[in-house]
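In case you want the letters, here they are:
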Amino acid sequence: MVRKDLTFDSSGVNCAAWLYLPDTAAPHPVVVMAHGFAGVRQLRLDAYAERFAAAGMAVLLFDYRRFGASDGEPRQVLVISDQLDDWRAAVVFARSLPEIDHSRVAVWGTSLSGGHVLAIAADDHGLAACVSQNPHTDGVVTLFAIPPLQVIRLIAAGLRDQARKLTGRQPYRIGVVGAPGELAAMTTPDAEPGYRALVPAGFVWDDTVAARVALTISFYSPGRKATRIRCPVMFCVADNDAIAPPTPALKAAKRTVDAELRQYPVGHFDIYVGEVFETVVADQLDFLQRQLIAAPGGFRKVPAVSQA
C-alpha cells in the first residue's frame, strides 16, 4: 500500500490527513476515520487503517482542527460542532479524490467519534456504511457514570476555562486521562493505563484538553439520531465499558434500520490492542468488505445481518 500526507480545508482551517491507497485498481472504496476524545492518528488508528488498506480499501485518516498535525488555534480545544464540521469536510474531500469511488464511502469512528459517525450518517444518506466502535451515544448517561464530586470539579474547571476564553486568555487545560481522584476528563481505573498504552514509543502526545468541553459534552447524544441512518451500521460495543456506557449504544443499535451488533466482554481501551483488537478488526473487515468491495460483475451491497 501507499500512504500519502494530505491536507483538506474545513471552514478555513487545514486538517492533516493520511491517505492510504491499496495495491489494487482504482477507483477504490474508502473508509474515512478519525479518533475519539482528544486522540490523534498515531494512537493506534494507523493499525486499523493498515488492515483496511491491505484488504483493498483506501483510508482517509485525519486529525481534527486544533489537534495533532492539523492547524487551528488555540490548541487542544475540543468543540463538538467543529469536529462534526471536520467530519463533513473530510467526507466531501474523500469523494473528490480521483482515486476514490465516491459511491463507496464509509465512516469509522471510535469512542467520541463513534458517536460523531452516527450523527454524520444520519444526515448523509449517500454513505455506503458506518462503523461505530465503543460509541459515545448519550451524554446524560455518560455524565451519571462519573462520580458526583468529580462532575462538580470538572464543571468548575470548565467555567474557569470559559472565563479565560471570554477575557481573551489561553485555555485552562486539564489532563485527558488521570488516576481516580485526579482532575482529568477520564479517571476510571482503566483510563490512564489504557489510553497511554495506545501511544507508540517515541511519540509525544499532548495529553491535555481545554476544560470547557466539560460544559457541553453531556448535552451531546448522537445515538438519538440512529433512526435516521439509512446505510448499514456495525456497532462494536465493549460490555465492560466504564467510559462510554454500553447500554445506550445497544439501544441505538436496536433503533438503527440496518444494524449489525458485535459485543465483546472487555473494557473501553482493550479493544485497541492485543487479541481483542485482532478479533474486532477481523469483524470490521468482514463487514466493510461486504458493504464496500465490488462483487464479480460490479458493485453489490450485501444486506447487513440485523442484530447479529
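What comes next is a walk through the structure.

## Focus: the state of the cysteines
Taken as a whole, this structure holds zero disulfides when the rule is applied. Considering cysteine sulfurs only, C231 is the nearest to C130, which forms no disulfide, with 5.5 Å between them. Judged by its relative accessible area of 4%, C231 is buried.

## A closer look at the sheet that holds strand β11 (residues 259–264)
Judged by pairing direction, the sheet is mixed, and its eight strands sit side by side in the order β1-β2-β4-β3-β5-β6-β10-β11 without closing on themselves. Edge positions in the open sheet fall to β1 (2–10) and β11, since each of these has one partner strand only. Adjacent strand axes in the sheet meet at a mean angle of 20°, parallel and antiparallel pairs treated alike. The strands touched by helix α8 (residues 274–292) are β3 (28–34), β5 (100–110), β6 (129–133), β10 (233–238) and β11; relative to β6, the strand with the most contacts, the crossing angle is about 165°.

## A few points about the side chain of H28
Within the element layout of this structure, H28 appears in strand β3. Classification of H28 as buried rests on a relative accessible area of 4%. Here the side chain of H28 touches T24 through a polar contact of 3.4 Å, side chain to side chain. Setting aside residues no more than four positions away along its own chain, H28 makes contact with L21, P22, A58, E99, I100, D101 and R104.

## A short note on the packing of helix α1 (residues 45–54) against α8
Close contact between α1 and α8 brings their axes to 10 Å; oriented N to C, the two are set at 40°. Looking at the two axes, α1 sits oblique to α8. The interaxial crossing formed by α1 with α8 has right-handed handedness. Contacts between α1 and α8 involve A47, Y48, R51 and F52 from the first element and F277, E278, V281, Q284, L285 and L288 from the second.

## Structural notes on unusual backbone geometry
Most of the time, phi is negative for any residue but glycine, and the peptide bond is trans. Put simply, A26 and P27 share a cis peptide bond, and its omega is 5°. Mapped onto the elements, P27 comes out in the loop between β2 (13–21) and β3. With an omega dihedral of -10°, the bond running from E73 to P74 counts as a cis peptide bond. One non-glycine residue with positive phi stands out, namely R44, at about 75°. Residue placement: R44 occurs in the loop between β3 and α1. Even without glycine at this site, N134 takes up a positive phi of about 45°. As for its position among the elements, N134 is in the loop between β6 and α4 (139–144).

Parameters at a glance
Residues numbered from 1 in each chain as written. Predicted model: local features only at pLDDT ≥ 70, side-chain atom pairs only at ≥ 80, totals over all residues. Heavy atoms only, no water. Disulfide = S-S within 2.5 Å. Buried < 20%, exposed > 50% of the residue type's maximum accessible area, 1.4 Å probe, protein only. Pairing = 2+ DSSP bridges. Helix = DSSP H or I, 4+ residues; strand = E, 2+ residues; numbered from the N terminus. Axes fitted to C-alpha atoms, helices over the stretch in contact; angles between N-to-C directions. Contact = heavy atoms within 4.5 Å. Polar contact = N/O pair within 3.5 Å; in protein donor to acceptor, adjacent residues only side chain to side chain. Parallel < 35°, antiparallel > 145°, perpendicular 65-115°, else oblique. Left-handed = near helix turned anticlockwise from the far one by under 90°.

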